[in-house]
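As a plain string of letters, each chain reads:
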Amino acid sequence: HKIRRSRHRTNSRIGENMLANKNIAFIGAGSMAEAIIAGLVGKKIISPSQITATNRQDEKKLKRLEQTYQIRTMTDKKAAVANASIIIHAFKPKNITEGIEQIREYVQEKQLLISILAGIPTSYIEKLLNRKAPVVRAMPNTSATVGLSATAISRGQYAKEEHIKIAEELFRAIGSVITVPEHLQNAVTGVAGSGPAYIYYFVEAMQKAAKKLGFDEQTGKELVLKTLEGAVKMLETSPKTPAELYKEVMSPGGATEAAIKVLESYEFQQAIVAAIKRSAERAKEMGNEFSKK
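Residues numbered from 1 in each chain as written. Predicted model: local features only at pLDDT ≥ 70, side-chain atom pairs only at ≥ 80, totals over all residues. Heavy atoms only, no water.

**Overview of the packing of aromatic side chains**
- Tallied over the full model, the rule gives one aromatic pair.
- Taking the centre distance of 6.0 Å and the plane angle of 50 degrees together, the rings of phenylalanine 202 and phenylalanine 268 count as tilted. Taken together, the residues phenylalanine 202 in helix H9 (residues 195–212) and phenylalanine 268 in helix H13 (residues 268–291) connect sequence positions 66 residues apart.
- A relative accessible area of 32% means that phenylalanine 268 is categorised as partly exposed. (Phe/Tyr/Trp six-rings, centres within 6.5 Å; stacked < 30°, edge-to-face > 60°. Helix = DSSP H or I, 4+ residues; strand = E, 2+ residues; numbered from the N terminus. Buried < 20%, exposed > 50% of the residue type's maximum accessible area, 1.4 Å probe, protein only.)

Written out as structure tokens, the structure is:
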């Protein structure tokens, strides 16, 4: 089982070749759907006229998307699906059964279905569809909003290499892409899907500490974010491991060493590992709930 990495490309000719004649329908129009739409439109990978978004009842949201990105919106799911080459399931995982049942009779085997629903296996989607339609499962994260998602994709049993390439090109619009065996998707949820939340939680704590130490909110925020930005750059460019890098900051008996000892006393790293494992477990539990149906 190979993991294939596909980073964002500034040259969009490949994307145009793969997606130029494809109409995309978003079934569900939440924040992740909007992030993907913004990436596709903003990078001019496809024309806004090739994108249709629909949701259950929030016509105000659809109107805003239409005005912001000049895409097509509608509440008629039949019309949205009938004209689509690619159908993206972007509703809440708990609505999977209802969501598929509403469009099932309109889906054709020549259409590519992409699911961004955490925990839902492709086999369950294929079962609901009751036809040999190609399904690709994807797990982007909310950094898609700023074009820096780490997205993992996996193929269902009827998806071919061409479908994976189309999905890769689509998700490169919002960041980097890796292709993984589907059994690793729950792990992806734990590490990358939920990952931004861990960082935000940690940053919140750093900002609280800065405020307690006397900084005003804006100054504290700037200090923390610039520190985070520099640390990420070091991790990206240095051949050293994270352990080597933090040990370089520590002097015997110094301030950093004192801080790290406090984190160790609270078993900080063990807590992070446990949190990531629990997220992956929960994604698996969510999938099992549907696999048994």
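**Looking at a nonpolar patch on the surface**
- On the surface, a cluster of nonpolar side chains totalling about 370 Å² of accessible area is made up of Phe202, Met206, Leu263, Phe268 and Ile272.
- Of all the elements in the fold, those that place two or more residues in the nonpolar patch are H9 and H13.
- Among the structural elements, methionine 206 can be located in helix H9.
- Judged by its relative accessible area of 31%, methionine 206 falls in the partly exposed class. (Patch = residues over 30% accessible without salt bridge, like charges linked within 9 Å, V, L, I, M, F, W, Y side chains within 5 Å. Areas by Shrake-Rupley, 256 points an atom, 1.4 Å probe, with all protein chains shown as cover. Salt bridge = Lys/Arg side-chain N within 4 Å of Asp/Glu carboxyl O.)

**Description of the confidence of the model for the protein chain**
- Residues at a pLDDT of 70 or more form 94% of the protein chain, whose mean pLDDT is 91.
- Counting contacts from residues 9–16, a segment whose pLDDT is below 50, to residues more than four positions away or on other chains yields ten contacts. (pLDDT = per-residue confidence, 0-100. Contact = heavy atoms within 4.5 Å.)

**Observations regarding the packing of helix H5 (residues 96–103) against helix H6 (residues 122–129)**
- One can describe the packing of H5 onto H6 by two numbers: an axis separation of 9 Å at closest approach and a directional angle of 40 degrees. Classified by the angle their axes make, H5 and H6 are oblique. Remark: the crossing between H5 and H6 carries right-handed chirality. Every residue of H6 that contacts H5 at Ile96, Thr97 and Ile100 is listed here: Tyr124, Ile125, Leu128 and Leu129.
- Tallied by class, residues from the contact of H5 with H6 come to six nonpolar, one polar and no charged. (Axes fitted to C-alpha atoms, helices over the stretch in contact; angles between N-to-C directions. Parallel < 35°, antiparallel > 145°, perpendicular 65-115°, else oblique. Left-handed = near helix turned anticlockwise from the far one by under 90°. Nonpolar A, V, L, I, M, F, W, Y, C, P; charged D, E, K, R; others polar.)

**Examining the environment of lysine 284**
- Within the secondary structure, lysine 284 sits in helix H13.
- Along the chain, lysine 284 and proline 121 lie 163 residues apart, while their C-alpha atoms are 9.3 Å from each other.

**Some remarks on helix H7 (residues 161–171)**
- Extensive coverage of H7 is indicated by the burial of eight of its eleven residues.
- Considered for burial, the residues of H7 that qualify are His163, Ile164, Ile166, Ala167, Glu168, Glu169, Leu170 and Phe171.

**Considering the environment of glutamine 269**
- Structurally, glutamine 269 can be placed in helix H13.
- The spatial distance from the C-alpha of glutamine 269 to the C-alpha of threonine 237 is 23 Å, given a sequence separation of 32 residues.

**Observations concerning the pattern of salt bridges**
- For the coordinates displayed, the defined rule picks out ten salt bridges.
- The residue arginine 172 makes a salt bridge to glutamate 169 at a minimum N-O spacing of 2.1 Å.
- According to the relative accessible area criterion, arginine 172 is buried, its value standing at 5%.
- Glutamate 285 serves as the salt-bridge partner of arginine 282, at 3.2 Å between the closest nitrogen and oxygen. You can see arginine 282 and its partner glutamate 285 sitting in helix H13, three residues apart, about one turn around the helix.
- On the accessibility criterion, glutamate 285 (31% relative accessible area) is partly exposed.
- Ionic contacts of the salt-bridge type, sharing partners, join the residues Arg278, Glu281, Arg282 and Glu285 into one network.

**Some points on the environment of methionine 139**
- Structurally, methionine 139 can be placed in strand E7 (residues 135–139).
- Each C-alpha atom of the pair methionine 139 and glutamate 229 lies 24 Å from the other, and the pair is 90 residues apart in sequence.
- If we skip the residues at most four places from it in the chain, methionine 139 touches Ala118, Ala150, Thr151, Ala152, Gln185, Val188, Thr189 and Gly193.

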